[in-house]
Amino acid sequence: MSTAAIRPLSSSDVLVVGSGAAGLMTAVALADAGRAVTVITKGALGEGSTAWAQGGLAAVLGPDDRAGLHVQDTLVAGAGLCGVEAVRTLVAEAPAAVATLRELGAVLDLGRDGCPALTREGGHSRDRIVHADGDASGAEVTRTLTGALRARGVAVLEHTAAVDALRTADGRVVGLRVARIGPGGALAKPEELRSRAVVLATGGFGQVFSATSSPAGATGDGVALALRAGAEVADVEMVQFHPTVLWAGPGAEGQQMLVSEAVRGEGAVLVDAGGRRIMPGRHPLADLAPRDVVSAAIAAFLAEAPPGERDHVWLDARHLGADHLARRFPGILRACRSAGYDPAREPVPVAPAAHYTCGGVLADLDGGTGVPGLYAVGEVACTGVHGANRLASNSITEGLVAARRCAATLAAALPSGGVPVAGPNPVAIDPGARRAMTLAASRFAGIVRDSAGLTRLAAALAAVPRLPAGCAQDLATLEATALHTVATVLCAAALAREESRGCHRRTDAPATRPEWRVRLVHRLDPAGGLHTRTVPVGNVRPVPEHVVA
Ligand SMILES: Cc1cc2nc3c(=O)[nH]c(=O)nc-3n(C[C@H](O)[C@H](O)[C@H](O)COP(=O)(O)OP(=O)(O)OC[C@H]3O[C@@H](n4cnc5c(N)ncnc54)[C@H](O)[C@@H]3O)c2cc1C
């Protein structure tokens, strides 16, 4: 743990919150542009979802690939809600983002021709996923970027939580209240760090659900902080459930081990207890259909399975052979074997779990949120790239592209800064309620939803106990409060969207309805009231808080 005192006020042009791919890349690019930047991160440097990524990064690099195909695949997966311009920008800039990573020292797996080896994942019409050390792509991204950050001498506050934004009287963000995290999650008294800009790169909110592939810190802190700071959030109901996490027994909770889609990309198939394949006939791409389709197919299959067989299916990778599995998926093979399964000899039990949050803080691909001084990049942001369902391996790429663009924006000009005024004391949620909240979210707002269940979830969330005002905060309280804020918005959005589209499946509204080809955009008023607007796809621009009626 870093023991340095929190740096004095006004030492940074930019505060970057988070040290996954998006935060690290933003900070590295800002340092290269000569900006004074400080990275604030909840755990040790580099902890976050990025480090867990297995599959890799999508970019058009193959001789048979074209930008138009990557755009098309992304739009198809996004089920009508993608912002086409954002997708085009992502695809156009993805190869340069991968090249930058290599220039910074990333060692990618190479093919016989010496070029990055490319693999395929669900929803991709070409091989376009670059990867590292087989299935340790995120670890290599993290190693590369943390090394680059250290080489540039960027200031880092590890084990420090961003608590709230500092705002001027007219609503501009001019810094952060941060608190050092002590033993057992105790928070030191928050201190003020002033800056000209704050970049949120805090990742997603998979921990809203009881079972997720996301690490423990993915509690939606950035989304909740941005809402309190006057920013809007969008597409929050679009939570991607990954079809294959290693099933860890009935009622397994918390972070679950992912079995990458790349395993299916290389030929593994989903089967039932009798070895019969599940996906053929459900989608033309069968096991490589987009994730929303495969997860929903598994949920439907399990709902009709005999009692006792309703909590998992099987992934059969035996025909890939032990050598190929060891070479291509060493980490997954190790994890399966330590859980008591040998994928080279037997199908392994898998189940869907919350994996990626397509929605988040409404931002453009330059990170702009509409609130002056506040930026959001990576999974915390909702740029419209993913629409109603993210295409596999587009997210680290998106984080890198947005980070580079955001840094270029802030290198060109910094917001004006200003003097903060005291903000309201936000309501805090009793962390003892967290487990009940996440169980209810999984039960009522998981892969399949309906109005009755979502109404029960809304009531449960409204009844969650609050802590008395002025009660000392700890990390558990900060995270439970963020989870509660995010779950409340998610539930409201899922209830409002009376259709099924992408990651949002309503059994009481199973059709995709053309009139719902809109995005749901939310903000909180100063009293905590939730306001929602619908915006046609393509017209979504973050709206500065002071012009929202
Ligand atoms: C198991 C797994 C496998 C995946 N595989 C792939 C893949 O192969 N390809 C792909 O493209 N995507 C993959 N994804 C998704 C991808 O990893 C993430 O979307 C992406 O890495 C997010 O990067 P990020 O920088 O936005 O956030 P993260 O990497 O999650 O980093 C968030 C950072 O914010 C910090 N933070 C959060 N709250 C606070 C706070 N209050 N104060 C201070 N710091 C805070 C965290 O500590 C962390 O450092 C995978 C995700 C998981 C979970």
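Residues numbered from 1 in each chain as written. Predicted model: local features only at pLDDT ≥ 70, side-chain atom pairs only at ≥ 80, totals over all residues.

A.B. asks: Describe the overall build of the protein chain, with residues and values.
C.D. replies: Scanning the protein chain for helices and strands turns up 13 helices and 24 strands. Computed over C-alpha atoms, the radius of gyration of the protein chain comes to 22 Å, within 12% of the 24 Å expected from 2.2 N^0.38 for 549 residues, which places it in the range of a compact globule. Dimensions of the protein chain along its principal axes, counting C-alpha atoms only, are 65 × 55 × 45 Å. In the protein chain, which comprises 549 residues, the share counted as buried stands at 59%. Within the protein chain, residue pairs in contact and separated by at least 24 positions form 74% of the contacts whose partners lie at least 6 positions apart. (Helix = DSSP H or I, 4+ residues; strand = E, 2+ residues; numbered from the N terminus. Rg over C-alpha atoms; globule rule 2.2 N^0.38 Å. Buried ≥ 20, exposed ≤ 12 C-beta atoms within 10 Å, placed from the backbone. Contact = placed C-beta atoms within 7 Å.)

A.B. asks: Outline the domain arrangement of the protein chain, listing residues and values.
C.D. replies: Here the protein chain is partitioned into domain 1 (14–199 + 367–378 + 389–412), domain 2 (243–352) and domain 3 (427–547). The gap between the C-alpha centroids of domain 1 and domain 3 is 25 Å. Across the contact, 20 residues belong to domain 1 and 18 residues belong to domain 3. A per-class count over the side of domain 1 that touches domain 3 returns 10 nonpolar, 9 polar and 1 charged. (Domains from an automatic or database assignment. Nonpolar A, V, L, I, M, F, W, Y, C, P; charged D, E, K, R; others polar.)

A.B. asks: So what's going on with helix α3 (residues 84–103)? Residues and values would help.
C.D. replies: One full turn of an α-helix is made of 3.6 residues, so residues set three or four places apart face in the same direction. A rise of 1.5 Å per residue sets the reference length of α3, with its 20 residues, at 28 Å; its end C-alpha atoms lie 29 Å apart and thus fit the reference within 8%. The largest bend along α3 reaches roughly 40 degrees and is located at Ala-94, with the proline Pro-95 sitting one to four residues downstream. Among the residues making up α3, those that are buried are Ala-86, Val-87, Thr-89, Leu-90, Val-91, Glu-93, Ala-94, Ala-97, Val-98, Thr-100 and Leu-101. Looking at the buried residues of α3, the elements they touch are β3 (57–58), α2 (67–77), β5 (129–130), α4 (137–151) and α10 (395–412). (Expected span 1.5 Å × (residues − 1). Bend = angle between axes of the 7 residues up to and from the residue.)

A.B. asks: An account of the sheet that holds strand β19 (residues 374–376) is requested, with residue identities and associated values reported.
C.D. replies: Sheet strands pair by backbone hydrogen bonding; their relative direction is either parallel or antiparallel. A sheet is described by the order of its strands in space; here 5 strands give the open sequence β6-β2-β1-β10-β19, paired in parallel fashion. Of all strands in the sheet, those bounded by a partner on one side alone are β6 (155–157) and β19. Going across the sheet, the axis of each strand differs from the next one's by a mean of 20 degrees, ignoring polarity. (Pairing = 2+ DSSP bridges. Axes fitted to C-alpha atoms, helices over the stretch in contact; angles between N-to-C directions.)

A.B. asks: So what's going on with the environment of Thr-532? Which residues, and what values?
C.D. replies: Examined against the element boundaries, Thr-532 turns out to sit in strand β24 (residues 530–536). Residues Thr-532 and Val-263, spaced 269 residues apart in sequence, show a C-alpha to C-alpha distance of 40 Å. Setting aside anything within four residues of it in sequence, one finds Thr-532 in contact with Ala-492, Ala-496, Leu-520, Val-521 and His-522.

A.B. asks: Now, about unusual backbone geometry: what can you tell me, with residues and values included?
C.D. replies: Its identity as a non-glycine residue notwithstanding, Asp-235 has a phi of 55 degrees, on the positive side. Phi at Ala-286 takes a positive value of approximately 45 degrees, unusual for a residue other than glycine. Position of Ala-286 among the secondary structure elements: in the loop between β15 (269–271) and α7 (291–303).

A.B. asks: Account for the pairing of strand β2 (residues 37–40), with residues named and values stated.
C.D. replies: Burial along β2 is two-sided: the face carrying Val-37 and Val-39 and the face carrying Thr-38 and Ile-40 are both buried. By the bridge criterion, 4 bridges tie strand β1 (residues 14–17) to β2 in an arrangement that is parallel. Paired with Val-14 across the strands is Val-37, a residue of β2. After leaving β1, the chain enters helix α1 (residues 21–32) and then returns to the sheet as β2, a path that is right-handed. Both β2 and β6 contribute to a ladder of 3 bridges, which runs parallel. Following the sheet pairing, Thr-38 is matched in β6 by Ala-155. (Right-handed = clockwise from strand over helix to strand, strands pointing away.)

A.B. asks: Tell me about the nonpolar core, residues and numbers included.
C.D. replies: By size, the foremost hydrophobic cluster in this structure holds 175 residues, and its most contacted members are Val-198, Val-199, Leu-200, Ala-226, Val-361 and Val-486. Sort the elements by how many residues they give to this core and helix α13 (residues 475–496) lands first, with 13 residues. Those residues in contact with Val-486 that lie beyond four places of it in its chain are Phe-205, Val-208, Gly-220, Val-223, Ala-224 and Val-236. (Core = buried A, V, L, I, M, F, W, Y, C linked by C-beta atoms within 7 Å.)

A.B. asks: Explain the environment of His-159 residue by residue, including any values.
C.D. replies: Here His-159 shows up in the loop between β6 and β7 (160–167). You can call His-159 partly exposed: it has 18 C-beta atoms within 10 Å. Sequence-wise, His-159 and Gly-182 are 23 residues apart; in three dimensions their C-alpha atoms are separated by 7.8 Å.

A.B. asks: Which residues make up the site of the ligand, and what values go with them?
C.D. replies: Not every one of the 44 residues close to the ligand is listed here, only the nearest: Gly-18, Gly-20, Gly-48, Gly-203 and Gly-378. Of all the secondary structure elements, the ones that give two or more residues to the shell around the ligand are α1, α4, β7, α5 (221–228) and α10. When the residues that make up the shell around the ligand are grouped by side-chain class, the tally is 15 nonpolar, 25 polar and 4 charged. (Near = placed C-beta within 6 Å.)

A.B. asks: If you had to explain the confidence of the model for the protein chain to someone new, which residues and values would you point to?
C.D. replies: Per-chain confidence: the protein chain averages 93 in pLDDT, with 96% of residues scoring 70 or above. Note on residues 544–549: pLDDT is under 50 here. Beyond four places in sequence and across chains, it has 10 contacts. (pLDDT = per-residue confidence, 0-100.)

A.B. asks: Could you give me a rundown of the packing of helix α11 (residues 434–445) against helix α12 (residues 451–462), with the residues and numbers involved?
C.D. replies: Running from N to C, α11 and α12 cross one another at 165 degrees; their axes reach a closest spacing of 9 Å. Here α11 is positioned roughly antiparallel relative to α12, judged by the angle of their axes. With respect to the hand of their crossing, α11 and α12 are arranged in left-handed fashion. Along its contact with α11, which presents Met-437, Ala-440, Ala-441, Phe-444 and Ala-445, the element α12 presents Gly-453, Leu-454, Arg-456, Leu-457, Ala-460 and Leu-461. Among the residues making up the contact of α11 with α12, the classes are represented as 9 nonpolar, 1 polar and 1 charged. (Parallel < 35°, antiparallel > 145°, perpendicular 65-115°, else oblique. Left-handed = near helix turned anticlockwise from the far one by under 90°.)

A.B. asks: Quick rundown of the sheet that holds β7? Include the residues and the values.
C.D. replies: Across the sheet, 3 strands lie side by side as β7-β8-β9; this open sheet has antiparallel pairing. Of all strands in the sheet, those with a lone pairing partner are β7 and β9 (191–194), marking the two edges. Ignoring strand direction, the axes of neighbouring strands in this sheet form an average angle of 35 degrees. Bridge count between β7 and strand β8 (residues 173–180): 7 bridges; the pairing is antiparallel. Opposite Ala-162, over in β8, you have Val-178 as the bridge partner.

A.B. asks: Outline the environment of Met-279, listing residues and values.
C.D. replies: The topology assignment puts Met-279 in the loop between β15 and α7. Classification of Met-279 as buried rests on a count of 22 C-beta atoms within 10 Å. Along the primary structure Met-279 and Val-17 are separated by 262 residues, whereas in three dimensions their C-alpha atoms are 41 Å apart. Those residues in contact with Met-279 that lie beyond four places of it in its chain are Leu-270, Ala-286, Asp-287, Ala-289, Val-294 and Ala-297.

A.B. asks: Pulling in residues and values, what's your account of the pairing of strand β16 (residues 313–316)?
C.D. replies: Across 3 bridges, β15 lies against β16 in antiparallel orientation. Looking across to β16, one finds that Leu-270 is bridged to Leu-315. Relative to strand β17 (residues 348–357), β16 is paired through 3 bridges, and the arrangement is antiparallel. Each bridged residue has a counterpart across the sheet, and for Leu-315 the counterpart in β17 is Val-348.

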